[in-house]
Amino acid sequence: MKKRVSARILSQREMENGIFDLWLNPMEPGFAEAVSPGQFVGVYTKDRSKLLPRPISICEVSGDRSSLRLVYRRGGTNTGTYSLSLLDGQTCGTVDILGPLGNGFPVEKGKGKKTLIIGGGIGIPPLVELSKRLEARNQIVIGYRDRTQTFLARDLEDHGKLFLATEDGSRGTKGNVVDAVRENQLGADIIYACGPMPMLRAVKALAAELKIPAYISLEEHMACGVGACLGCVVKTKEVHPHTNVNNARICTDGPVFEADQVEI
Ligand SMILES: Cc1cc2nc3c(=O)[nH]c(=O)nc-3n(C[C@H](O)[C@H](O)[C@H](O)COP(=O)(O)OP(=O)(O)OC[C@H]3O[C@@H](n4cnc5c(N)ncnc54)[C@H](O)[C@@H]3O)c2cc1C
Ligand code: FES
């Protein structure tokens, strides 16, 4: 059940150039506990000129299930994420969040199986909680631009066998995440992925070729985040049961979809 709640800022730090690591303690009993991997929150920045919440994936839930970790990329100086990055626990104790939003990854389908967890760039954060919960033989493939980016690689290493790809070949496979899957001849029972749209298209094609079921998280542009504005529609193979059209709203029906059910 989604709610707008106030959350205490426990800590915030720049983990690497422009990438921020934020721990929040929602002041609503059971909020963090209810989160499933792949869900997101809408974060209201304190900049009054920016009314819409910014959709940010839940990267991790604390061991005691009381707090949430968000990892996000800061935009330019006039963006909501820029004002968010200026907050810290000492000076500005709380921030409002709306959530938990969306439908996450189907964890139960991968439990005990051989999984392929694929992430690119700022699509990597939700994969941390996912790989933690899977209790499976995880193979995790993540892609960065170059060797200067390593965010969350250490965290993911604790939950599976990690493979890297960089566009310039400075670490791991030279190329994209699909090149890394091929180079390492990785097979799996199920694929989970989150990242930029070109990466998700390549993962969808790979899954079809290898005949492996795949679940992809579409982190597209959003406005209301709660299904009201139709600003996040994706074409689907099946007709939607309520609207009778081949459309789904990423914010409420997704962001995770079965890859062969969406046209991307
Ligand atoms: C389900 C989901 C999960 C996401 N998870 C993360 C994450 O974990 N870490 C992270 O860094 N980014 C994530 N994003 C992308 C993030 O929401 C945008 O980068 C962010 O909203 C941009 O806001 P801004 O204040 O920097 O830019 P602004 O230019 O101030 O944003 C203007 C408006 O456009 C929307 N918007 C702009 N870019 C995007 C985008 N790429 N996706 C969705 N809405 C956008 C904003 O919500 C806002 O309403 C996620 C997006 C979605 C949809
Ligand atoms: S963002 Fe408004 S309907 Fe999805």
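Before any of the text, the structure's been laid out above.
Everything in this summary refers to the structure shown in the same document. (Residues numbered from 1 in each chain as written. Chains lettered and ligands numbered in written order. Predicted model: local features only at pLDDT ≥ 70, side-chain atom pairs only at ≥ 80, totals over all residues. Heavy atoms only, no water.)

1. Here's the deal with empty space enclosed by the protein
Okay, step 1: For the coordinates displayed, the defined rule picks out one cavity of 30 Å³ or more.
Okay, step 2: In terms of lining residues, the largest cavity is bounded by F40, G42, P53, P55, L98, L101, M222, A223, C224 and G225.
Okay, step 3: Only β3 (40-44) and β7 (94-101) provide two or more residues apiece to the lining of the largest cavity.
Okay, step 4: Looking at the lining of the largest cavity residue by residue, the classes come out as eight nonpolar, two polar and no charged. (1 Å grid on protein atoms, 1.4 Å probe; cavity = no way out; pocket = protein on both sides within 12 Å on 5 of 7 lines; lining within 4 Å. Points joined across faces, edges and corners; volume = space filled by probe spheres on them. Helix = DSSP H or I, 4+ residues; strand = E, 2+ residues; numbered from the N terminus. Nonpolar A, V, L, I, M, F, W, Y, C, P; charged D, E, K, R; others polar.)

2. What about the nonpolar core?
Okay, step 1: Within the largest apolar cluster, 36 residues are counted, with the highest numbers of intra-cluster contacts made by L116, I118, V141, I191, V203, I216 and L218.
Okay, step 2: Looking at this core, the element that brings in the most residues is helix α5 (residues 197-210), giving six residues.
Okay, step 3: Setting aside its immediate chain neighbours within four residues, L116 contacts Q139, V141, V181, L186, A188, I190, I191 and Y192.
Okay, step 4: V128, L156, I190 and C194 belong to the second-largest nonpolar core, a separate cluster that totals 25 residues. (Core = buried A, V, L, I, M, F, W, Y, C linked by side-chain atoms within 4.5 Å. Buried < 20%, exposed > 50% of the residue type's maximum accessible area, 1.4 Å probe, protein only. Contact = heavy atoms within 4.5 Å.)

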